[in-house]
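Chain residues, written in single-letter form:
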Amino acid sequence: MSGIIQLLPERTANQIAAGEVVQRPASVVKELLENAVDAGSTIIKLYIKNGGCTHIQVDDNGKGMNVFDARMCWERHATSKITKAEDLYNLDTLGFRGEALASIASVSEVEMRTKSASESVGTRIVINAGTLETQENTAATQGTSITVKNLFYNIPARKNFLKSISVETKHIFEEYQRIALAYPAIGFEFYNQDKNLSKLKKGDLKTRIIELFNLKEEELIDATEETEIVNISGYIGSPKLTKRTRGNQYLFANGRFIKDHYLNHAISSGYGGLLEDKSYPFFILFLEVDPAKIDVNIHPTKHEVKFEDGRHVYTLLQSVIKKTLGAHFVIPTDTQLHNALGYSNTSGNNPSSYEPTSPNMRFNPFDKAKERTATDWEKLDDLLNTPVRPSTKPQQEIWAAPETASTIEIDDIFQVENAFIIAKIAGELSVINQHRAHAQVLYERYQLNQLIASQQLLFPRTIELSKADYALYLDIQDQINALGFDTSEFGKNAIIINGLPSELSKVDGANVVIQILDDFKTNYQDLKINKTDAIRQATAKNAAIKAGKTLSMIEMKSLVSDLLHCKQYTVDSAGKSIIIKLSKSSLERFFH
Ligand code: ADP
Ligand code: MG
C-alpha cells in the first residue's frame, strides 16, 4: 500500500527555502558580502545592474575554494562554518546555515570562479535554476567571484513583488553600508551600472564613518565601555547631528547588524533632554557579548537577536551614552541651558546652583549601590530633569492656562497647613484644597487632548507587575503615554519608565505609575467610569501636587488662576469640594 505523502524534490525544497532567505536583490548582496567577509578577504568589490535584478557580482580576495568545495557549496546545508549544533554558541562567522548559496542558485542563474591557495588552477561553475550546467578548470587568482543574474526569472510571482530599480538599489546600498561599517579593516568598492558609487580604503572605524556619511571628525563622540556582560564600542553623534542625519542608527552585536527596538530606545533615552521630540540620534555602536549569551538563530533574514541578559544590556548601554555625553560635555547646549533655567524659576531651582565645571571622570554608572556625594554629574542630572519645553513644537500646541494669574483678581493669598490655599478672589474669601485643585486642572487639561511635555529620566526605572496588572498596562499604555509618560514593555511582566510628565520629573515615577494602574482599576472596574476618563482621572489624581507641599506665591496664584479657568471648579468628578467660598453672610452666621 502506498501513501500520499512524498518527499519534495531537492530543487523544490531549495526554492521554498529561497523564499525565506532571498527576499530581494539586497538579500543576495548581503549573503555574498558576508561570505566574502567570512573568507578572510581584504578587498571586496560589489557590482550591480538594474537594482540587482539582472546582475549582482561580488569579487573577493579571500581564501577561495578548492574544486571539491566549489561544487559542494551549492548544496543545501553545506557549510564549512559549523559542524555541530554546539558550534552555534561559539560562532565567529556571519554565515552558518549553509543555505544561502543553494537558495540563491535555485532562483537565478549563477556563475562562480574560485581558487584556493593550495591549488594551481581555479574552478568555474555555472548553475541555472538549481541545475549544474558547467564545471571546468579556469585560470584564476586566489579568491572568489560570484555573479547572480536574472534573479527570480523562474519564479515570476516573486519577480513581480520587486519594487522600482531605485528602491532596490537603495536597499542594496544599505546592506553595503552595514557591512562596510562592521568591517573597516576591509576595503570595499561599489559599482552601479559600471559607475563607481563608493570606494572605501581599509582603515579604522572613525575614518570609515566619516567617509561613508561625509561627516566632520568633531561631530563624532567615541563611546567605549567594557563591562562583564557586554563590551560597547563605537561612536555616537553629537546632539547637533541628531537633526541632520535622522535615522542613521547602526547597532551591531558580535559583528552582525541588528535591529533592536529596546536597545535603540536605550540609546535615545541616554541622550535625555538633549533630543528634540521626534528626532533620532546618530550612532554606530558595536556590542560584543559572549557568543554563548546571544541567540542569532532566529531567522536568516531578520535582524533580531536574543540576548540572555537583555535588560542589563539595556541599562548598560543607556548609562554609557549618558556617561559619554556627560564626559564630553556636549550637554547642555546654550539654548537648553537657557530654557531649563528660565523655566525652572517657579519650581524654586536656583540657576546659580549649576556650574559648568569639568565632568566627573570617575563617575561609574554601574556603581549603583554606593552612596555618592553631589557630583557634577548629578548637577547635570538635576539640569536634565528640569522641565525643558520641547522647542520643535509650536508653542500653542502645549497646554497653557488661557490667561496668566495676574489678569484675575487674586489678592491676599497664603497657604495653611501646606494643604489649603486661602485667597481673596474677586473680593471674597475662598479656601482651596490644593491637591484637588491641581487634579482638576490636570484632568481638564487631559480632556483637551493636547500635547503634554514629557521629561526624560536620567536613570529610567523598571517595575515588575503582576500578570493581571501587566495586561492592564498593555491595554492602556498608549493612553498613559499620551499624558506625558514615556513607558514601554520591558520583558516578561515588566515595564520601563523612561520619562514622566514635566511636572512630575522629581517624584518617584515607579510609584506613580503603579498608583495610576491601581486607581484606574478602581475607577474603571468598580466605579464603571468609561476607560479614557478613568485613565485621565487616575493620572490627574496621582500627578497632582499633594497636601504637604509648600507652594510659592507664584505657584499658588497660578494654580488658583488655572482652577478658575476650569469648566468645573467647585467640585471634582467624584462630587467632592475643591473650593469653599466664605461669603459675608456665611461668616456672619459663624458669629451668630
Ligand atoms: P554559510 O555561509 O551559512 O556557510 P553559504 O551557502 O553562504 O552558507 O555558503 C556555503 C559555503 O561556501 C560556506 O560555508 C563557505 O565554505 C563557502 N563559501 C561561500 N562563499 C565563499 C567565498 N566567497 N569564499 C570562500 N568560500 C565561500
Ligand atoms: Mg553565507
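The numbers attached to residues start from 1 for each chain and follow its sequence in the written order. Note on labels: chains are lettered from A, ligands numbered from 1, in written order. Totals for whole chains, interfaces and linings use all residues, but because this is a predicted model, local features are given only for residues with pLDDT of at least 70 and pairs of side-chain atoms are given and counted only at 80 or more. The side-chain values count all of the structure's non-hydrogen atoms but skip hydrogen atoms and water molecules.

Describe in detail the overall build of the protein, supporting the description with residues and values.
Per the secondary structure count, the protein includes 18 helices and 23 strands. For the protein, with 592 residues in total, the buried portion stands at 49%. Approximately 29,700 Å² of the protein is accessible, and the part contributed by carbon and sulfur atoms is 52%. Secondary structure elements are taken from DSSP: a helix is a run of H or I of four residues or more, a strand is a run of E of two residues or more, and numbering for both begins at the N terminus. The buried label goes to any residue with under 20% of its type's maximum accessible area, the exposed label to any with over 50%, and the partly exposed label to all in between, with areas taken from a 1.4 Å probe on protein chains only. Exposure was quantified through the Shrake-Rupley algorithm and a 1.4 Å probe, taking into account, for residues, occlusion by the shown protein chains and nothing else.

Could you give me a rundown of the pattern of salt bridges, with the residues and numbers involved?
Salt bridges are defined by distance alone: a side-chain nitrogen of Lys or Arg within 4 Å of a carboxyl oxygen of Asp or Glu. Within the structure shown, the criterion is met by 17 salt bridges. A salt bridge links K170 to E174; the nearest nitrogen and oxygen atoms lie 3.8 Å apart. Taken together, the positions of K170 and E174, both in helix α6 (residues 165-182) and 4 residues apart, correspond to about one turn of that helix. Relative accessible area serves as the criterion here: at 53%, K170 is assigned to the exposed category. Here R311 ties to E464 by a salt bridge, and the two come within 3.3 Å at their closest N and O atoms. Of this pair, R311 sits in helix α10 (residues 310-328) while E464 sits in strand β20 (residues 454-464), and the two are 153 residues apart along the sequence. Classification of E464 by relative accessible area gives exposed; the value is 57%. Salt bridges sharing partners connect three or more residues here, namely E111, R113, R124 and E136.

Before we move on, can you summarise helix α7 (residues 205-213) with the specific residues and values?
Of the residues making up α7, those classed as buried are L205, R208, I209, L212 and F213. Buried residues along α7 cover an arc of 100 degrees about the axis, so they all sit on one side. Trailing α7 by a residue or two, N214 shows a phi angle of about 55 degrees, which is positive. By arc we mean the arc of the directions from the helix axis to the C-beta atoms, nothing more.

Help me get a handle on the sheet that holds strand β19 (residues 428-433), residues and values and all.
Two orientations exist for strands paired in a sheet by backbone hydrogen bonds: parallel and antiparallel. Only when DSSP finds a minimum of two bridges between them are two strands counted as paired. The sheet built from 4 strands is open, its strands ordered β17-β18-β19-β23 with antiparallel pairing. Only two strands of the sheet have a single neighbouring strand rather than two, namely β17 (410-416) and β23 (579-582). For this sheet the average axis-to-axis angle between neighbouring strands, irrespective of direction, equals 20 degrees. With 5 bridges connecting them, β17 and strand β18 (residues 420-425) associate as antiparallel partners. To get an axis, fit a line to the C-alpha atoms, keeping to the stretch in contact for a helix; angles then go from 0 to 180 degrees between the N-to-C directions.

Outline the site of ligand 1, listing residues and values.
As a matter of local geometry, ligand 1 sits amid 18 residues, with N35, T79, S80, K81 and G98 nearest to it. For this analysis, a polar contact is any N or O atom pair within 3.5 Å, provided that within protein one partner can donate a hydrogen and the other can accept it, and provided that sequence-adjacent residues contribute only side-chain to side-chain pairs. One of the side-chain N or O atoms of S80 is found 2.5 Å from an oxygen atom in ligand 1. For ligand 1, whose unbound accessible area comes to 530 Å², protein coverage reaches 93%. Looking at the shell around ligand 1, its residues break down into 7 nonpolar, 7 polar and 4 charged. Being near a molecule or strand, for a residue, means having at least one of its heavy atoms within 4 Å of it. We call Asp, Glu, Lys and Arg charged. Ala, Val, Leu, Ile, Met, Phe, Trp, Tyr, Cys and Pro are nonpolar, and the rest, Gly among them, are polar.

Can you lay out the pairing of strand β6 (residues 143-149) for me, pointing to particular residues and giving the numbers?
Counting buried positions along β6 gives 6 out of 7 residues, so the element sits mostly inside the fold. In terms of strand pairing, strand β2 (residues 55-60) meets β6 through 6 bridges, oriented antiparallel. Bridging from a neighbouring strand, D59 pairs with S145 of β6. In this structure, strand β3 (residues 109-115) lies alongside β6, joined through 7 bridges in antiparallel fashion. Note that in β6 the partner of M112 across the bridge is I146.

Could you give an account of unusual backbone geometry, naming the residues involved and the relevant values?
Its identity as a non-glycine residue notwithstanding, N214 has a phi of 55 degrees, on the positive side. Tracing the backbone through its elements, the reader meets N214 in the loop between α7 and β9 (220-222).

I'd like a description of the confidence of the model for the protein, backed by residues and values.
pLDDT measures the predictor's confidence residue by residue and takes values from 0 up to 100. For the protein, the average pLDDT comes to 79, and 81% of its residues sit at 70 or higher. For the stretch residues 330-406, pLDDT sits under 50, and the model shows 114 contacts to residues farther than four places along the chain or on other chains. Working rule for contacts: check all heavy atoms of both residues, and any pair within 4.5 Å makes them a contact.

Describe empty space enclosed by the protein, and please don't skip the residues or the numbers.
Both cavities and pockets are sets of points on a 1 Å grid over the protein atoms alone; in a cavity a 1.4 Å probe fits but cannot get out, in a pocket the set is open with protein on both sides within 12 Å along at least five of seven lines, and lining residues sit with an atom within 4 Å of a point. Grid points are joined across faces, edges and corners, and a volume is the space filled by probe spheres set on the points. Enumeration over the complete set of coordinates arrives at 2 cavities of 30 Å³ or more. There is about 40 Å³ of room inside the second largest cavity. Forming the walls of the second largest cavity are I229, V289, K293, F307, E308, D309 and V313. For the lining of the second largest cavity, a count of residues per class yields 4 nonpolar, no polar and 3 charged.

Could you give an account of the sheet that holds β6, with specific residues and numbers?
As summarised here, the arrangement of the 8 strands in space is β5-β4-β3-β6-β2-β1-β7-β8, forming an open sheet in which the pairing is mixed. If you trace the sheet from one side to the other, it starts and ends with β5 (131-138) and β8 (195-200), each paired once. On average, each strand axis in the sheet is inclined to that of its neighbour by 10 degrees, with strand direction left out of account. Examined bridge by bridge, β3 and strand β4 (residues 122-128) share 6 bridges and lie antiparallel to one another. When the sheet's bridge partners are listed, E111 is paired in β4 with V126. Each of β1 (43-49), β2 and β6 is contacted by helix α2 (residues 25-38), which is oriented at about 10 degrees to β2, the strand it contacts most. Contacting β1, β7 (187-192) and β8, α6 runs over the sheet at an angle of about 175 degrees to β7.

Help me get a handle on the pairing of β2, residues and values and all.
The buried fraction of β2 is high, at 5 of 6 residues. As defined by bridge partners, β1 adjoins β2 across 6 bridges and the pair is classed as antiparallel. By the bridge assignment for β2, K45 is matched with D59. Counted along the chain from β1 to the antiparallel partner β2, the turn is 5 residues long, and its residue N50 has a positive phi close to 50 degrees.

Residue-level account of the environment of V320, with values.
Locating V320 in the fold gives a position in helix α10. Among the residues examined, V320 registers a relative accessible area of 1% and is labelled buried.

Talk me through the nonpolar core; I want residue IDs and the actual numbers.
One finds L32, L46, W74, V148, I209, F213 and I284 to be the most contacted residues of the largest nonpolar core, which totals 58 residues. The element that contributes the greatest number of residues to this core is α2, accounting for 7 residues. Aside from chain neighbours lying at most four places away, what touches I209 is L181, N214, L215, L220, Y235, F282 and I284. To qualify as a nonpolar core, a set must consist of buried Ala, Val, Leu, Ile, Met, Phe, Trp, Tyr and Cys residues joined through side-chain atoms within 4.5 Å.

Could you give me a rundown of the environment of I146, with the residues and numbers involved?
You can see I146 is positioned in strand β6. Filtering out sequence-adjacent residues up to four positions away, I146 remains in contact with L32, I56, Q57, V58, W74, L101, E111 and M112.

Tell me what's going on with the packing of aromatic side chains, and back it up with residues and numbers.
Centres within 6.5 Å make a pair out of two Phe, Tyr or Trp rings, where for Trp the six-membered ring is used; the pair is then stacked when the planes are under 30 degrees apart, edge-to-face when over 60, and tilted otherwise. Under the counting rule described, the total for this entry stands at 14 aromatic pairs. Put simply, the rings of F213, Y250, F252, F257, F282 and F286 pair up and form one aromatic cluster. Here, over-ring charges are defined by two tests on the NZ atom of lysine or the CZ atom of arginine: distance to the ring centre within 6 Å, and angle to the ring normal within 35 degrees. Seen from the ring of F257, R178 lies directly overhead, with NZ or CZ sitting 3.9 Å from the centre.

Account for the environment of G237, with residues named and values stated.
Residue position: G237 is located in strand β11 (residues 231-237). Separated by 88 residues in the primary sequence, G237 and L325 have C-alpha atoms spaced 9.7 Å apart. Those residues within four positions of G237 in sequence are excluded, and the remaining contacts are E219, I221, Y271 and F282.

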